[in-house]
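Read off the chains here:
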Amino acid sequence: MPDSQIPATGTASVHVLQDGYVREASDGEHVGSTVTLIIDGDAVVVVDPGMVSSREALLAALVGHSVTPDAVTDVVFSHHHPDHTVNAALFPAARIHDHWAIYDGDLWISRAADGAVLSPSVRLIATPGHTAEDISTVASTAGGVYVCTHAWWGADGPADDPFSPDLKLLAASRARILAVASVIIPGHGPMFVPGPDTPR
Ligand SMILES: [Zn+2]
Ligand SMILES: [Zn+2]
């Protein structure tokens, strides 16, 4: 399905459970993943249940949206760095989606993520660049299209992702995302509305 068919508005609701971060402290480097809850009808999706300072706080944020951990139907890994995946087992009933498969219990269901539909207003697109296997979660809401993605760590980039194996591929993925996104939810920072200063 071409991106032009991504609905400009839809029925999903998007809630950030933790704004991601990377910061130096006296005891070392602290890394938190942006963790996002998307609800669309029967689909309850958690994107990137990775590193957090407190699992209890993450689950409390979930319950704050009237969602219990066992009610989560789907988990999405934007890519396979542990800072975005290590807490997936907090959601025992969820299917897990990554770039090339769905994992459901002990079922390994191979498929390409690009264009995969999780619910009427939530889909996945392939956005390689931070790694070769990155995907983004696209949610059409009443207020526009929200995209959870590691194509940016935060609003200011970094313009050249230091992990990227291919900056041209990253630029192409950013262009693809910017063509549809009203709001970007980046890997390690608060959500932002893209503008002229957004690294491309
Ligand atoms: Zn990463
Ligand atoms: Zn990251």
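Residues numbered from 1 in each chain as written. Chains lettered and ligands numbered in written order. Predicted model: local features only at pLDDT ≥ 70, side-chain atom pairs only at ≥ 80, totals over all residues. Heavy atoms only, no water.

J.: Looking at this model, I keep getting lost on the packing of aromatic side chains. Mind explaining?
T.: Working definition: an aromatic ring pair is given by the centre-to-centre distance plus the angle between the planes. Inspection of every chain in the model, using the stated rule, returns four aromatic pairs. Ring geometry for tryptophan 100 against tryptophan 108: centres 6.2 Å apart, planes inclined by 55 degrees, an arrangement best described as tilted. Among the residues examined, tryptophan 100 registers a relative accessible area of 47% and is labelled partly exposed. Aromatic side chains tyrosine 103 and tryptophan 108 sit 5.0 Å apart centroid to centroid with 85 degrees between the ring planes, which places their arrangement in the edge-to-face category. For tryptophan 108, a relative accessible area of 55% translates into the label exposed. Here the aromatic residues Trp100, Tyr103 and Trp108 are joined through ring pairs into a cluster of three or more. (Phe/Tyr/Trp six-rings, centres within 6.5 Å; stacked < 30°, edge-to-face > 60°. Buried < 20%, exposed > 50% of the residue type's maximum accessible area, 1.4 Å probe, protein only.)

J.: Please explain the coordination of the zinc ion (ligand 2) as it appears in this structure.
T.: Around a metal, the ideal angle is 109.5 degrees if four donors adopt a tetrahedral arrangement and 90 or 180 degrees if six donors adopt an octahedral arrangement. The zinc ion (ligand 2) binds to the protein through His84 (NE2), His150 (NE2) and His188 (NE2); the donor distances cover 2.0 to 2.2 Å. If you list the donors of the zinc ion (ligand 2) from N- to C-terminus, the spacing comes out as H-x65-H-x37-H. Between the zinc ion (ligand 2) and the zinc ion (ligand 1), a separation of 3.5 Å is found. With a gap of 104 residues between them, histidine 84 in the loop between strand S6 (74–76) and strand S7 (95–97) and histidine 188 in the segment after strand S14 (183–185) connect regions that are remote in the sequence. (Donors = N, O, S within 2.8 Å, 3.2 Å for Na, K, Ca; no water. Helix = DSSP H or I, 4+ residues; strand = E, 2+ residues; numbered from the N terminus.)

J.: Looking at this structure, I do not really get unusual backbone geometry. What am I missing?
T.: Most peptide bonds adopt trans geometry, and most residues besides glycine take a negative phi value. In this structure, proline 158 follows glycine 157 across a cis peptide bond, with omega equal to 0 degrees. Along the chain, proline 158 falls in the loop between strand S13 (144–148) and helix H2 (167–178). We note that aspartate 48 has phi near 60 degrees; this positive angle belongs to a residue other than glycine. You can see aspartate 48 is positioned in the loop between strand S5 (43–47) and helix H1 (55–63). The class for aspartate 48 is buried, based on a relative accessible area of 5%. Of note, serine 66 is a non-glycine position whose phi angle comes to about 60 degrees, a positive value. In this fold, serine 66 is placed in the loop between H1 and S6. We classify serine 66 as exposed; its relative accessible area is 72%.

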